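Below, each chain spelled out in residue letters.
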Amino acid sequence: EVRWKEKASACVVIASEGYAIDAGDPLPRRMLDYGSASDSMLFYGSARRDGNSVTAQGGRLACAAAWGGDLDDAVAKAYARCARIDAASLLRLR
């Protein structure tokens, strides 16, 4: 069953530094997630679970999605979700 919400949504791509010019980043990096919120989700790209942590590798590492009352609110919440991610050499794209 599909359910719709009357809200705006936004997504911020979390990519390797240098993406998209140098998308062939060979270095795996541990992605530390310091918490979610009821109005956001994190979707991982080329990643694997390593015990209790996630290791990602490549150009596009993850995507932070959020929703809010309007587009500005959703964008702010998506960037706030990004701020709770820690990994080496990240680039955040709107």
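Residues numbered from 1 in each chain as written. Predicted model: local features only at pLDDT ≥ 70, side-chain atom pairs only at ≥ 80, totals over all residues. Heavy atoms only, no water.

1. Description of the overall build of the protein chain
Inclusion rule: Numbering of helices and strands runs from the N terminus; a helix is a DSSP stretch of H or I covering at least four residues, while a strand is a stretch of E covering at least two. Exposure classes here rest on a 1.4 Å probe applied to the protein chains alone. A residue is buried below 20% of its type maximum, exposed above 50%, and partly exposed in between. Computed with the Shrake-Rupley method and a 1.4 Å probe, the accessible areas treat only the protein chains shown as cover for residues.
A count of helical and extended segments in the protein chain gives one helix and eight strands. Along the protein chain, helices and strands appear, N-terminal first, in the series β-β-β-β-β-β-α-β-β. Expressed as a percentage of its 94 residues, the buried residues of the protein chain come to 37%. In the structure as shown, the protein chain presents an accessible area of about 6100 Å², 51% of it carried by carbon and sulfur atoms.

2. Focus on the pattern of salt bridges
Note the following rule: Salt bridges are defined as contacts in which a side-chain nitrogen from Lys or Arg sits within 4 Å of a carboxyl oxygen from Asp or Glu.
What the rule picks out here adds up to two salt bridges. For Asp39, the salt bridge identified is with Lys77, shortest N-O distance 3.0 Å. Taken together, the positions of Asp39 in the loop between strand 2 (29–33) and strand 3 (40–44) and Lys77 in helix 1 (residues 71–83) put the pair 38 residues apart, joining distant regions of the chain. Under the relative-accessibility criterion, Asp39 is labelled buried at 19%. The exposure class assigned to Lys77 is partly exposed, which follows from its relative accessible area of 26%. Across the pair Lys77 and Asp73 runs a salt bridge, and its minimum N-O distance is 3.4 Å. One end of the pair is Lys77 and the other is Asp73, both in helix 1 and four residues apart, which spans about a single turn.

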